[in-house]
Amino acid sequence: MTYDYEFEDYLRKALSNSISSSNPSENAKQKARRHSSSYFEDLKQRLLAKYEDKSLNDVMNCKICSNSYGEVLKITKKEKVNFNIKDNDFKNQMNNNLKLLPKIGVKTEINLKNKGYDTIESLKNHDKYSNDASRFIDNIDEMSFQEIVNILDGNKYSKKCRDNLLKCISLTDPENFKFMDIETKGLSNVPIILIGVAEIKGDDIIASQYFLRDYAEEPNIIEAYLSHLDEDSVHVTFNGKSFDVPFIKNRCRYNRIDGNLDLPHLDLMYFAKNLWKDTLPNCQLQTIEKEIFGIEREEDVPGQYIPGYYDTYLSQNNIGPVVPIIEHNA
């Protein structure tokens, strides 16, 4: 029996990347430090020193806006973007998806297509499915984008047809997309401290962020966000179906604000999991940014520290602790 020195070397290197090993590498030490509470306390102190006596107007493109609830601080960023969606004749693709009709599953669809029923329209001549097929075909041209999203999202086989939800975006104008993210004081029943919404306008993507300068302004920033929405708007988020939109709805109720947030919603987290769950360590946004797009955040503040950073901003009247929060949101 021979000793495997290559495996020993591999094991030694692997273990050195763990902070719990007897001889951790400098990289492991630095990584552990960057995840420690002391690191984020030190970072906060550095930010306080760096931005002492500065306002957000000094470091970002800000202006004061007004709405029916009062004044709101708006931060704007604009970048060029090449955002084009190919016309994929999606309504015709829907016609080929027999599973959109009630009581037709994967096996039934295969059997029907083997018998020559290749489209929903062809099922108008089928004894069992003719009524459902006729109703679907008669209505398809008049269906709104929201109705189509609801059909695709509500279909019991939607997980097997996940790409259909993404393909259907060809049916709406890109300027209807509202790329949205919020930062909050916690996970539930606490104020929203920042709402960001990015919109495509021609060849530009414009990000508008509404920052909570003090707690009394929460209705102001919510109303400012709602002003971006209309009946054609489409929410685009990462985990926004489970968190961001329900959170805003709850804060609307708390602040007695009427707002329609029941819009078509593309939550990119589900598409990301579908694409990369077998190739990435996890499908967290930071992991996707790093592994797929080569983007590594610097001086990023994890959500668990945001409440404390925001409290320091309020108590010391120093923008330092909220600058990375605003940059993270953008």
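Here, the structure is the one placed above.
Residues numbered from 1 in each chain as written. Predicted model: local features only at pLDDT ≥ 70, side-chain atom pairs only at ≥ 80, totals over all residues. Heavy atoms only, no water.

Colleague: Run through the packing of helix α3 (residues 37–50) against helix α14 (residues 306–316), naming residues and quoting values.
Modeller: The geometry of α3 relative to α14 is characterised by a closest axis approach of 11 Å and an angle of 30° between their N-to-C directions. Between α3 and α14, the interaxial angle falls into the category roughly parallel. Judged by the twist between their axes, the crossing of α3 over α14 is right-handed. Taken together, the residues of α14 that come into contact with α3 (itself represented by F40, L43, K44, L47 and L48) are G308, Y309, T312 and Q316. By residue class, the composition of the contact of α3 with α14 is five nonpolar, three polar and one charged. (Axes fitted to C-alpha atoms, helices over the stretch in contact; angles between N-to-C directions. Helix = DSSP H or I, 4+ residues; strand = E, 2+ residues; numbered from the N terminus. Parallel < 35°, antiparallel > 145°, perpendicular 65-115°, else oblique. Left-handed = near helix turned anticlockwise from the far one by under 90°. Contact = heavy atoms within 4.5 Å. Nonpolar A, V, L, I, M, F, W, Y, C, P; charged D, E, K, R; others polar.)

Colleague: I'd like a description of the environment of Y51, backed by residues and values.
Modeller: You can see Y51 is positioned in the loop between α3 and α4 (56–59). The exposure class assigned to Y51 is buried, which follows from its relative accessible area of 9%. The spatial distance from the C-alpha of Y51 to the C-alpha of I319 is 6.4 Å, given a sequence separation of 268 residues. Discounting residues that sit within four places of it in the chain, Y51 has contacts with V59, N318, I319, G320 and V323. (Buried < 20%, exposed > 50% of the residue type's maximum accessible area, 1.4 Å probe, protein only.)

Colleague: Could you give me a rundown of the side chain of Q209, with the residues and numbers involved?
Modeller: Note that Q209 resides in strand β5 (residues 204–211). Among the polar contacts listed, one links the side chain of Q209 to the backbone oxygen of I326, at a separation of 2.9 Å. If near-sequence neighbours (up to four positions away) are discounted, Q209 is found in contact with L73, K74, I75, L194, I195, G196, I326, N329 and A330. (Polar contact = N/O pair within 3.5 Å; in protein donor to acceptor, adjacent residues only side chain to side chain.)

Colleague: Would you mind going over the pattern of salt bridges in detail, with residue names and values included?
Modeller: Tallied over the full model, the rule gives 14 salt bridges. Between R297 and D300 there is a salt bridge, with its nearest N and O atoms 3.1 Å apart. Exposure remark for R297: the relative accessible area of 27% places this residue in the partly exposed category. With a relative accessible area of 14%, D300 lands in the buried category. It is possible to trace a salt-bridge network through shared partners that takes in E71, R213 and E217. (Salt bridge = Lys/Arg side-chain N within 4 Å of Asp/Glu carboxyl O.)

Colleague: Residues and numbers for the sheet that holds strand β3 (residues 177–184), please.
Modeller: Strand pairing in a sheet relies on backbone hydrogen bonds. The paired strands run either parallel or antiparallel. Read from one edge to the other, the open sheet built from seven strands follows the order β1-β2-β5-β4-β3-β6-β7, with strand pairing classed as mixed. Among the strands making up the open sheet, the edge pair consists of β1 (62–67) and β7 (265–267). Across the sheet, the mean angle separating the axes of adjacent strands is 30° when strand polarity is ignored. Relative to strand β6 (residues 234–237), β3 is paired through three bridges, and the arrangement is parallel. Counterpart to F177 in the pairing with β6 is V234. The strands that helix α12 (residues 268–276) touches are β6 and β7; relative to β7, the one it contacts most, it runs at about 40°. (Pairing = 2+ DSSP bridges.)

Nothing here speaks to function; it is geometry throughout.
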